[in-house]
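# Understanding the architecture of this molecule
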Amino acid sequence: MNSNVSSMLLQPSECELLLNANIDIIGKLKKRNGTRMFSNQTTASNPCLGLHQFTTASGTEYSLCTFSNNTNNVTYRMVSSTLNGAITTATTTITLTSGTNFASSGTIEIEGDLITYTGKSTNDLTGVTGITDSHATATTVRQWTSSLATDTKDLKTRFANFINRVFRVNGTQVMGSSADASTWNTTSCLTVSVPSLIERFQERLVCAGDVTYPDRIYASSIVSSTETVTWDTATHIIDVAGTAGYYIDISPDDGMNIVALKRNSASLLMFKDYALYIWDGHSTQADALIDVGTISQETITNIHNSTFFIGRSQKDLGIYIFNGGYPKNISRKIKKWLDNTTQTTANFANMCVGGDDTNFYAYVGNVAFSNDEIYGTRTFSNVWLVYNIPLDAWVVYDGLAARTFGDLVESGTRKLYFGDTNGKIFEIGNGQTDDNGEGKTPIDFEVISREESYNAPELPKELIGITVVAEKAQNTTVKYRYDRFVDFKNLGALKKRNTYLPAPQKGDQKNIGGSIQYKFTDNSSYTNS
């Protein structure tokens, strides 16, 4: 997709709009895959404030998420077991292989089925209602259960895995740590400062974001033989080696505060609002040599040893990749989408990014166009800007309200998930609809092609008809228009692999133009291609 170049100058493989499309296969456009709710709803009407996978040295996996319950922030831990016996829609008691750690009442999830129960007796869940499908014995049963429920509400919560523990910071409560994602204490924690940012770097734990010292980085000691670390908040790295820990102030006179930390190879990237500093463990720049910063910890991610982030300068927003040197702006093709996001502090705070092996995802909120040459006057809600890394190409998703991305482990496989605004976690790229646990929504697919002048824009052209080759494209509607600035006219719907669609009103002078453009739309439950 490229909305930053004249339509007639687009490459043959480029389009003006690729909405909810998948371009992983070269030469084939597909509707994106759907989303699937992961386990039960934690709380209603509240956004995800943290999402993390804790892996112990022995390989035990714990999935964590944080939501407010309107009174406190609650960090939830995923617990799971398997069915000890098949169940049907008539079942009122479910027997688990182990009921340990499941709540005494609540909701569980089995193969996407959200099931409520009112009591628990050892391994039996009783008073069961809401089973909509039968499920075989040994099927996985999941539940988000409260792990830490005393933090101040509505605070972004960040995590880091280190020395066989998971560490939690939020900028208000003292740093906490846990060996089992259930019991929390201050083992190996910095307790005389209250950071909101945390990262691992060079065998140390590094944190920042204390409101008293907003430009200060604290680093722990190297891990001891007993797998603990200490903190020395009085030792400045410039003065001594800091073997027991140290701190360093990052350009405190530049008028900006540290808003994010990210490890990149042998460097620690320290982001401010409009600047990026790089720490190699021994030194950093005295002044900001990179005049692009970021919004928050949630707007940075690493993919294949590269750091992708929503960057902002004093002039505008962009999406960048950092591999050393100056960050590369990769968002010029979709610049107008960034320019037309809601430019408010509240919307910036909601932006977040994530990534998998192939794609980088940036949630940017609503994008509103007014009298735009391509999109007219139109608002796209809950937009993701999706960058296909191997193809250096962009598509757009909409209709998915994300607040935090994270890699979680399900059945031994690490996948990308996101937390929404309603107490739920979702897996990306699963199924053919967006399943929010209450219903399945078809995905709106839309493609606007480049203008085709057939190398002779000065000559008039009349469309007789087109043949469209497609697989599983039932109900995809094809439209066309001449010379761009007229409404699209309907050609018809695709019904089979090769569909010929004749153009109406052949021979009418109103149906002649110098260029022809096509639009494809589909809101069915099929994954077309």
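Structure: above.
Before going into details, it helps to say that this report is about the structure given with it. Just so you know, these numbers come straight off a predicted model, no measurement behind them.

## Points about the environment of Ser177
Mapped onto the elements of the fold, Ser177 is located in strand β16 (residues 176-178). As a C-alpha pair, Ser177 and Arg165 span twelve residues in sequence and 6.3 Å in three-dimensional space. Apart from residues lying up to four places away in sequence, Ser177 is in contact with Arg165, Val166, Phe167, Thr183, Trp184, Asn185, Thr186, Thr187 and Cys189. A distance of 3.0 Å separates polar atoms of two side chains, one belonging to Ser177 and the other to Arg165.

## Observations concerning the nonpolar core
Counting residues in each nonpolar core, the largest one holds 54 residues, and the members touching the most others are Ile310, Ile319, Trp337, Trp384, Leu385 and Phe405. A per-element tally of this core places strand β31 (residues 359-372) first, with seven residues. Beyond its immediate sequence surroundings of up to four residues, Ile310 is in contact with Gly293, Thr294, Ile295, Thr299, Leu317, Gly318, Ile319, Met351, Val353, Ala362, Tyr363 and Val364. Counting 18 residues, the second-largest nonpolar core is a separate cluster that includes Ile258, Leu268, Tyr277 and Trp279.

## Some points on the side chain of Ser177
For Ser177, a relative accessible area of 0% translates into the label buried. Reaching out from Ser177, the side chain makes a polar contact with the backbone oxygen of Thr187 at a distance of 2.8 Å.

## A few points about the environment of Ile512
Here Ile512 is to be found in the loop between β43 (498-502) and β44 (516-522). Under the relative-accessibility criterion, Ile512 is labelled partly exposed at 24%. Sequence-wise, Ile512 and Asn22 are 490 residues apart; in three dimensions their C-alpha atoms are separated by 33 Å. Not counting the four nearest positions on each side in its chain, Ile512 is found in contact with Pro460, Lys461, Glu462, Tyr482 and Asp483.

## What about the sheet that holds strand β11 (residues 119-121)?
Spatially, the three strands line up as an open sheet ordered β8-β12-β11, and their pairing is antiparallel. Edge positions in the sheet fall to β8 (94-95) and β11, since each of these pairs with one other strand and no more.

## Topic: the pattern of salt bridges
Inspection of every chain in the model, using the stated rule, returns 30 salt bridges. Across the pair Arg158 and Glu298 runs a salt bridge, and its minimum N-O distance is 2.8 Å. With a gap of 140 residues between them, Arg158 in strand β14 (residues 158-162) and Glu298 in the loop between β25 (293-294) and β26 (300-303) connect regions that are remote in the sequence. Among the residues examined, Arg158 registers a relative accessible area of 11% and is labelled buried. When the shortest N-O distance is used, the salt bridge between Glu373 and Arg484 registers 3.2 Å. Of this pair, Glu373 sits in the loop between β31 and β32 (376-388) while Arg484 is found in the loop between β41 (477-482) and β42 (489-493), placing the two residues 111 residues apart along the sequence. Residue Arg484 is classed as buried on the basis of its relative accessible area of 4%.

## Description of the packing of aromatic side chains
All told, the structure shown has 25 aromatic pairs when counted by the stated rule. Ring plane angle 20° and centroid distance 5.3 Å describe the contact between Phe308 and Phe360, whose orientation is recorded as stacked. Highlighted residues: Phe308 in strand β27 (residues 306-312) and Phe360 in strand β31, separated in sequence by 52 residues. There is no split in this pair, since Phe308 and Phe360 are both buried. Ring geometry for Trp337 and Phe380: centres 4.8 Å apart, planes at 55°, overall tilted. You can see Trp337 sitting in helix α1 (residues 335-339) and its partner Phe380 sitting in strand β32, a full 43 residues away along the chain. The pair formed by Trp337 and Phe380 is uniform in burial state, with each residue classed as buried. Aromatic ring contacts, followed pair by pair, group Tyr361, Trp384, Tyr397, Phe405, Phe418 and Phe426 into a single cluster.

## As for the state of the cysteines
Throughout the structure, instances matching the rule amount to zero disulfides. Cysteine Cys207 remains unbridged, with the sulfur of Cys189 as its closest cysteine sulfur at 9.6 Å.

## Quick notes on the sheet that holds strand β15 (residues 165-169)
Remark on secondary structure: sheet strands pair via backbone hydrogen bonds, oriented parallel or antiparallel. On the basis of which strands lie adjacent, the open sheet formed by four strands has the order β14-β15-β16-β17 and antiparallel pairing. Only two strands of the sheet have a single partner each, and these edge strands are β14 and β17 (184-185). Pairing between β14 and β15: five bridges, direction antiparallel. Paired with Arg158 across the two strands is Val169, which belongs to β15.

## Some details on unusual backbone geometry
Phi angles above zero are rare outside glycine, and Asp154 is one such case at about 70°. Relative to the helices and strands, Asp154 is located in the loop between β13 (140-152) and β14. Judged by relative accessible area, Asp154 falls into the partly exposed class, the value being 48%.

Analysis parameters
- Per chain, residue numbering runs from 1 following the sequence as it is written.
- Local features in this predicted model are restricted to residues whose pLDDT is 70 or higher, and side-chain atom pairs enter the listing and the counts only when it is 80 or higher, whereas totals over whole chains, interfaces and linings include all residues.
- No hydrogens and no water enter the side-chain calculation; it runs on all heavy atoms of the structure.
- A run of DSSP states H or I qualifies as a helix once it reaches four residues; a run of E qualifies as a strand once it reaches two. Both are numbered from the N-terminal end.
- We call two residues contacting when some pair of their heavy atoms lies within 4.5 Å.
- Two N or O atoms count as a polar contact when they lie within 3.5 Å, although within protein this holds only if one can serve as hydrogen donor and the other as acceptor, and sequence-adjacent residues are included solely when both atoms are side-chain atoms.
- The term nonpolar core refers to a set of buried residues drawn from Ala, Val, Leu, Ile, Met, Phe, Trp, Tyr and Cys, joined through side-chain atoms within 4.5 Å.
- Each residue is placed in one exposure class: buried if its accessible area under a 1.4 Å probe, protein chains only, is under 20% of its type's maximum, exposed if it is over 50%, and partly exposed if it falls in between.
- Two strands form a pair only when DSSP identifies at least two bridges running between them.
- Whenever Lys or Arg places a side-chain nitrogen within 4 Å of a carboxyl oxygen from Asp or Glu, that contact is recorded as a salt bridge.
- Between the rings of Phe, Tyr and Trp (Trp by its six-membered ring), a pair exists once the centres lie within 6.5 Å; its type follows the angle of the planes, with under 30 degrees stacked, over 60 edge-to-face, and the other angles tilted.
- Note on terminology: pairs of cysteine sulfur atoms within 2.5 Å are recorded as disulfides.

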